[in-house]
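# Inside the fold
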Number of protein chains: 2
Amino acid sequence: MHKITEIGMELDVLGENRRLAEGNRELLRSKGVRSVDMMGSIGAGKTALIIRMAEALRDRGLKVAAVAGDVTGEDDFIRLRNAGVEAVNCNTGSECHLDAHLVDHALEKLDLDNVDVLFIENVGNLVCPSDFPLGADKRLVLISVTEGDDMVRKHPDIFHAAEVAAINKVDIAEYMDVDLARVAADYRRITGKTLHEVSVKSGAGIDPLLQALEL
Amino acid sequence: MHKITEIGMELDVLGENRRLAEGNRELLRSKGVRSVDMMGSIGAGKTALIIRMAEALRDRGLKVAAVAGDVTGEDDFIRLRNAGVEAVNCNTGSECHLDAHLVDHALEKLDLDNVDVLFIENVGNLVCPSDFPLGADKRLVLISVTEGDDMVRKHPDIFHAAEVAAINKVDIAEYMDVDLARVAADYRRITGKTLHEVSVKSGAGIDPLLQALEL
């Protein structure tokens, strides 16, 4: 969060975002769409996880869509579309996070009557998105063993902001010299909850994660 | 950058930062200290690279210090100190980047007469630090092969803001299924410059990087 408290604007920006997020929440619920705000740093595997979860959900007959949030470009949007996920691209310009207003406009481009589950992929950033709820039912923060084993201790706010957290690429934890138990202990100490371990590549841990997200 | 343009405050915040950055630059130059602002996402290897470069510089008789910037905690500060690097911890609270004012105060805690090279480790974030120069001679952005091969395309602003860029962990590029040539081509297309390839673990590529940083 950029330093704007001293001019008394932070509350206005955050309050306005919260108001718009409530609007998104009401719209999604009225259409029977369950939704997840996917937060995490660049390279954590957010796009790949959406594709993996979408496969599992489609096998159960559910219709899945995604909002691909990024500062610029269409890389994630194209990956999602090529994987058969109905998607809307959502560039922030120079902003370091999605906000409820951007998501509001992205939702206008989706046929929500034909969506059961919506994934909103936030900008790759482990700091800023935490302050800006988007109106999703759940917020998920995805980290990766490649980020080192101190990422939870360094960014407690985003883990507080999310109902569910998962660590990806656990199949290479040993190779990366990362102590998974330490990361899980940090997460439990900060939130009182269990950190989900997943490998998007192998598919390990995806079903329990979907359960935690109530999908 | 959080959306504050509509209330006309962005220019003030950025202008004030630039003014303070100039003060830092003048102070560091007056003391004969060469300085590098180290930017990059969490887990890119910024702290480990500082330790590696500090070893090489100390072998040449130079005195090295570091400012360890993080949202919260002392993990990087402790790693630097344990590696024998004179360091100052600099927590931003909830801010997603260092700013020139925070660095100004960190500099007060260092004996700059006994420093030849200063590394300022920014908060792990590939978006926000680009807007906030700190007054360092050079800005370096460090990425890692574990972040995927689209990170340059997704974050052109920070690569424009930095004079030098390097990609770390190139020893595991093949294992991570990352196309280094694509990343380097994106970087050249955007900046016209060559992306440095390094492995902080093995030490490969460190000397050319120090040369590019004029250290």
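So, here's what we can say about the structure.

What counts, and where the lines are drawn
Residues numbered from 1 in each chain as written. Chains lettered and ligands numbered in written order. Predicted model: local features only at pLDDT ≥ 70, side-chain atom pairs only at ≥ 80, totals over all residues. Heavy atoms only, no water. Helix = DSSP H or I, 4+ residues; strand = E, 2+ residues; numbered from the N terminus. Rg over C-alpha atoms; globule rule 2.2 N^0.38 Å. Buried < 20%, exposed > 50% of the residue type's maximum accessible area, 1.4 Å probe, protein only. Contact = heavy atoms within 4.5 Å. Areas by Shrake-Rupley, 256 points an atom, 1.4 Å probe, with all protein chains shown as cover. Lys, Arg positive; Asp, Glu negative; His and termini not counted. Charge placed at Lys NZ, Arg CZ, Asp CG, Glu CD. Pairing = 2+ DSSP bridges. Axes fitted to C-alpha atoms, helices over the stretch in contact; angles between N-to-C directions. Buried area = accessible area lost by both parts, 1.4 Å probe. Salt bridge = Lys/Arg side-chain N within 4 Å of Asp/Glu carboxyl O. Polar contact = N/O pair within 3.5 Å; in protein donor to acceptor, adjacent residues only side chain to side chain. Nonpolar A, V, L, I, M, F, W, Y, C, P; charged D, E, K, R; others polar. Least-squares fit on C-alpha atoms with pLDDT ≥ 70 in both. 1 Å grid on protein atoms, 1.4 Å probe; cavity = no way out; pocket = protein on both sides within 12 Å on 5 of 7 lines; lining within 4 Å. Points joined across faces, edges and corners; volume = space filled by probe spheres on them. Parallel < 35°, antiparallel > 145°, perpendicular 65-115°, else oblique. Left-handed = near helix turned anticlockwise from the far one by under 90°. Disulfide = S-S within 2.5 Å. Expected span 1.5 Å × (residues − 1). Arc of directions from axis to C-beta.

The next thing to look at is the overall build of chain A. Summing up its helical and strand segments, chain A has eight helices and seven strands in all. Its C-alpha atoms give chain A a radius of gyration of 17 Å, near enough to 17 Å, the size a compact globule of 215 residues would have. With the principal axes as the frame, chain A shows a C-alpha extent of 50 × 45 × 30 Å. Split into buried and exposed, the 215 residues of chain A put 59% on the buried side. For chain A, long-range pairs separated by at least 24 residues make up 71% of all intrachain contacts whose partners lie at least 6 apart in sequence. Accessible surface for chain A amounts to roughly 8,300 Å². Of this, 47% is attributable to carbon and sulfur atoms. Distance from the positive charge centre (25 side chains) to the negative charge centre (37 side chains) of chain A: 3 Å.

Right, let's get into the sheet that holds strand β4 (residues 117-121) of chain A. All names here are of chain A. With parallel pairing, the seven strands of this open sheet are ordered in space as β3-β2-β4-β1-β5-β6-β7. The sheet is open, and its two edges are formed by β3 (86-91) and β7 (196-197), each paired on a single side. Helix α2 (residues 46-59) contacts β1 (34-39), β2 (64-70), β4 and β5 (138-144) of the sheet and is inclined by roughly 175° relative to β4. In the packing of helix α3 (residues 75-82) onto the sheet, the strands contacted are β2, β3 and β4, and the crossing angle to β2 comes to about 165°.

The next subject is the interface of chain B and chain A. In this complex, chain B contributes 42 residues to the contact, which on the side of chain A involves 42 residues. Summing the contributions of chain B and of chain A, the shared interface buries around 3,700 Å²; its carbon and sulfur component is 57%. Among the ionic pairs, A:K154 bridges to B:D70, the shortest N-O distance being 3.7 Å. Viewed at the interface, chain A and chain B are joined by nine residue pairs in polar contact (both at pLDDT 80 or more). Sort the elements by how many residues they give to the side of chain B that touches chain A and helix α5 (residues 151-154) of chain B lands first, with three residues. Split into classes, the residues belonging to the side of chain B that touches chain A amount to 18 nonpolar, 10 polar and 14 charged.

Another point: the relation of the copies chain B and chain A. With an RMSD of 0.0 Å, chain B superimposes on chain A once it is rotated by 180° and translated 0.0 Å along the axis. The transformation relating the two chain copies, once decomposed into turn and shift, fits a two-fold axis. The residues that chain B uses at the interface reappear at the interface of chain A in 100% of cases, marking a shared surface.

It is worth spelling out empty space enclosed by the protein at this point. Applying the stated criterion to the full structure yields one cavity of 30 Å³ or more. One number sums up the size of the largest cavity: a volume of about 40 Å³. Looking at the largest cavity, the residues that line it are A:I42, A:G43, A:A44, A:T146, A:E147, B:I42, B:G43, B:T146 and B:E147. Residue classes in the lining of the largest cavity are distributed as three nonpolar, four polar and two charged.

This brings us to the packing of α2(A) against α3(A). All names here are of chain A. Packing of α2 against α3 brings their axes to within 10 Å, and their N-to-C directions diverge by 20°. It follows from the interaxial angle that α2 and α3 lie roughly parallel. With respect to the hand of their crossing, α2 and α3 are arranged in right-handed fashion. Here T47, A48, I50 and I51 of α2 come into contact with α3, specifically with D76, R79 and L80. Per-class residue counts for the contact of α2 with α3 are four nonpolar, one polar and two charged.

Overall, the coordinates contain zero disulfides over all chains when judged by the stated rule. A:C128 supplies the cysteine sulfur nearest to B:C96, a cysteine that is in no disulfide, at a spacing of 3.3 Å.

Turning our attention to the sheet that holds strand β6 (residues 164-168) of chain B. Residue and element names in this part refer to chain B. As summarised here, the arrangement of the seven strands in space is β3-β2-β4-β1-β5-β6-β7, forming an open sheet in which the pairing is parallel. Every other strand in the sheet has two partners, leaving β3 (86-91) and β7 (196-197) as the edge strands with one partner each. Inspection of the sheet shows strand β1 (residues 34-39) paired to strand β5 (residues 138-144) by four bridges, in the parallel sense. Residue pairing in the sheet places M38 in a bridge with L140 of β5. Those strands touched by helix α2 (residues 46-59) are β1, β2 (64-70), β4 (117-121) and β5, and its axis lies near 175° from that of β4. Against the sheet, helix α7 (residues 180-191) touches β5, β6 and β7, its axis set at about 170° to β6.

Another point: the environment of B:A165. Residue and element names in this part refer to chain B. Mapped onto the fold, A165 is located in strand β6. The exposure class of A165 is buried, given its relative accessible area of 1%. Along the sequence, A165 and D131 sit 34 residues apart, while their C-alpha atoms lie 16 Å from each other. Ignoring any residue separated from it by four or fewer positions in sequence, one finds A165 in contact with L140, V141, F159, Y187, T194, L195 and H196.

Buried residues of α3(A): A:D75, A:D76, A:F77 and A:L80, and no others. Of the surrounding secondary structure, the elements contacted by the buried residues of α3(A) are α2, β2, β3 and β4 of chain A together with α5 and α7 of chain B.

Time to look at the pattern of salt bridges. Counted under the stated rule, the structure contains 28 salt bridges over all chains. For B:R25, the salt bridge goes to B:E22, with nearest N and O atoms at 3.2 Å. Pair noted here: B:R25 and B:E22 are both in helix α1 (residues 10-30), with a separation of three residues, about one helical turn. For B:E22, a relative accessible area of 37% corresponds to the partly exposed category. Connected via shared salt-bridge partners are A:D75, B:D149, B:R153, B:R182, B:D186 and B:R189.

Time to look at helix α7 (residues 180-191) of chain A. Residues and elements named next belong to chain A. Spanning 12 residues, α7 covers 16 Å between terminal C-alpha atoms, matching the ideal 16 Å at 1.5 Å per step. Turning to α7, its buried residues number three or more, namely L180, V183, D186, Y187, I190 and T191. When α7 is viewed along its axis, its buried side chains cluster within an angular range of 130° and face the same direction. Among the exposed residues of α7, those oriented more than 90 degrees off its buried face are A181 and R189. Against the buried residues of α7 lie β5, α5 (151-154), α6 (156-161), β6 (164-168) and β7. Capping of α7 at its N-terminal end is provided by D179; its side-chain oxygen lies 3.2 Å from the backbone amide nitrogen of A181.

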